[in-house]
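# Fold and geometry: a report
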Amino acid sequence: MEAANPPRYSTLSLNTLPLYPAPDDFDISSLDRPHPGERESRQAFDFCIAKNTNSAGDSYPWATLRLFSRVPAALQRPRYTGGENIKGSVMLNLKRPRTVTSIAVLLRGRMVTSSLSEGSHTFLEVVHPIWSKASVAGPTSSATGKLQGFFEWPFSFPFPAEIRSIPSSASKWNSTIPQGTGETGTYLTPQTVLERGVNANVTYEVVLKITTAGLLDTKHRAIANVLYIPLIRPPSLGPLRAGAYVSEAPLLGPEQDPAGWQEIERIELRVSESRNGGFDPISIDIECTAYIANPSTYTRGTVIPCYLICKNTHVARASGHSRLRNTLLAAFTKQQCVSLGLTQRVQYHQDSRQALSAKFGSDFKAGGSRDERARSMNACEEAVWWTPRDVGGGTFNLEGEIHLDVGHLPSCETPFLNVSYAVTVSIKASPDLDVSLVPQSSRIMARGRRGSAASVLPSSSTTEPLVEFPVRIATAHAKQGPVPRPFTPPPPRKLKDGSRVQEVQYLRMTRMWR
């Protein structure tokens, strides 16, 4: 099969690669079901050690690390997903005899927060031996390990999908733990992080290491920077929501499909017309219940479906007042005064070496001193709303969705890096309406509900987020069922400004998102 479709070859130089990979380089959402017209091919990437010279004085590579990777045609570097094998070969082209002691291929993962020594540590290292003069097998011209001519050794070993937080004397982690053991201290291997606005990098490299003998042993290296994406899938959709996608019908709301929605907050608001005259305007109390689609794990590149149910809780005696209050409720929903948005929080250790301590890793979730951890926060997207079919009965609903950019980092939880997301609920200011919280109502209701993972935020203003609900961002679609489809076009992608230095915020003793 491979012979019928030979790989495409390229010799890469680090100078030709962009500093920041494109967001689409990390898109594996269509791993099992490619989009129409999308094509991935098996490519070969060569990384060379070129110091030998021929009779004409030209240098040529005497050692080559060749990596195979199935990637889109436009991708300029190897890319691997969780559990995928790193396949390739090591080639030597020796015109003269050379004493080689050992050949090995290493996979190494690093966390880098600064150029200082305490700002970098290796959290993953896998050594795959290729050849040594002490081994029985292997082409050698003598027992001394002298090699001459052309040699090629194929290799294949898995990219660990999980890492284990067991520090060794060398301050490196043993990453050979098998997937799915459930052992304490096991974490998903984090995605490559090379992103504007995040002052922490996670990098992976495959290294060809050749040791040659002479007066002094010399180590030669060819380094390949590679991308890694963990394979994270959401659970399958519920039957009613899946059926709506298959039939291209609108989603059923929380009242028709209660199992398909997750209530994240119920708040009571007092709404009145803006005071433009000397009389007290009529006001109503509105109960707003916000929902997001269940299960609360979503694949980047898709959407988070949202729903808002608004009810007038004021019982009017006069029919005239009732009509006025319904008009006010309609204006409230039409102006979309309730906002749902997605917020990203990236947290890491300034001194990344301290993450090697198991105790420090557990402290990462509970809190820590402001000198130990830093964070960056980013307000990602807001929900786009529209009016579903009229349900009547004094109830006004809004249906919407939050578009998830394909370039979002996936959710990640390790002792040295934490990427978390939350859907926030806030109130938008309106030029025509005065909106205020009914005193203590939202806090009492939020704390009184069972099974809610929402966190009520202290806020002195209704324009600030009132509540946050943790969600998880996945990298691939569910194994079975339809792919969630948006009902609105995605907004233009936000480009992060890489020309300015972002201010680093240090964490205080606050409750972390789960």
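In this report, the structure presented in the accompanying data block is examined. (Residues numbered from 1 in each chain as written. Predicted model: local features only at pLDDT ≥ 70, side-chain atom pairs only at ≥ 80, totals over all residues. Heavy atoms only, no water.)

## Some points on the overall build of the chain
- Along its length, the chain carries four helices and 27 strands.
- In the structure as shown, the chain presents an accessible area of about 25500 Å², 51% of it carried by carbon and sulfur atoms. (Helix = DSSP H or I, 4+ residues; strand = E, 2+ residues; numbered from the N terminus. Areas by Shrake-Rupley, 256 points an atom, 1.4 Å probe, with all protein chains shown as cover.)

## Section: the pairing of strand β17 (residues 303–312)
- Most of β17 is tucked away, with eight of its 10 residues classed as buried.
- With seven bridges joining them, strand β15 (residues 283–293) and β17 adopt antiparallel strand pairing. Looking across to β17, one finds that Tyr-291 is bridged to Tyr-307. (Buried < 20%, exposed > 50% of the residue type's maximum accessible area, 1.4 Å probe, protein only. Pairing = 2+ DSSP bridges.)

## Considering helix α1 (residues 239–246)
- Three or more residues of α1 are buried, namely Arg-241, Ala-242, Ala-244 and Tyr-245. Projection of α1 onto a plane perpendicular to its axis shows the buried side chains occupying an angular sector of 155 degrees, all on one side. Among the exposed residues of α1, those pointing more than 90 degrees away from its buried face are Pro-239 and Val-246.
- Buried residues along α1 sit in contact with β15 and β17.
- Residue Glu-248 follows α1 closely and has a positive phi angle near 55 degrees. (Arc of directions from axis to C-beta. Contact = heavy atoms within 4.5 Å.)

## Some points on the packing of aromatic side chains
- Scanning all chains against the criterion turns up 11 aromatic pairs.
- Three or more aromatic residues joined by ring pairs form one cluster here, namely Tyr-80, Phe-123, Phe-159, Tyr-204, Tyr-228 and Phe-416.
- Over the face of the ring belonging to Trp-62 we find Arg-98, whose NZ or CZ atom lies 4.3 Å from the ring centre. (Phe/Tyr/Trp six-rings, centres within 6.5 Å; stacked < 30°, edge-to-face > 60°. Lys NZ or Arg CZ within 6 Å of the ring centre and 35° of its normal.)

## With respect to the environment of Ser-411
- Turning to its location among the elements, Ser-411 is positioned in the loop between β21 (395–403) and β22 (412–413).
- On the accessibility criterion, Ser-411 (14% relative accessible area) is buried.
- Considered as a pair, Ser-411 and Leu-188 are 223 residues apart in the sequence and their alpha carbons are 9.9 Å apart.
- With residues near it in sequence (within four places) discarded, Ser-411 still touches Ile-232, Val-419, Tyr-421, Val-471, Arg-472 and Ile-473.
- Polar contacts involving the side chain of Ser-411 include one to the main-chain amide nitrogen of Ile-473, which spans 2.9 Å. (Polar contact = N/O pair within 3.5 Å; in protein donor to acceptor, adjacent residues only side chain to side chain.)

## Comments concerning the pattern of salt bridges
- Under the definition given, this model contains six salt bridges.
- For Asp-46, the salt bridge is made with Arg-66, and the minimal N-O distance between the two is 2.7 Å. A residue pair is termed long-range when its members are at least 10 positions apart, and Asp-46 in strand β2 (residues 40–49) and Arg-66 in strand β5 (residues 63–72) qualify at 20 residues. Taken individually, Asp-46 and Arg-66 each receive the classification buried, so the pair is uniform in this respect.
- Between Arg-108 and Glu-125 there is a salt bridge whose closest N-O contact spans 3.1 Å. Taken together, the residues Arg-108 in strand β7 (residues 85–112) and Glu-125 in strand β8 (residues 120–132) connect sequence positions 17 residues apart. Both residues of the pair, Arg-108 and Glu-125, count as buried.
- Several salt bridges converge on common partners, so that one network encompasses Arg-108, Arg-110, Glu-125 and Glu-205. (Salt bridge = Lys/Arg side-chain N within 4 Å of Asp/Glu carboxyl O.)

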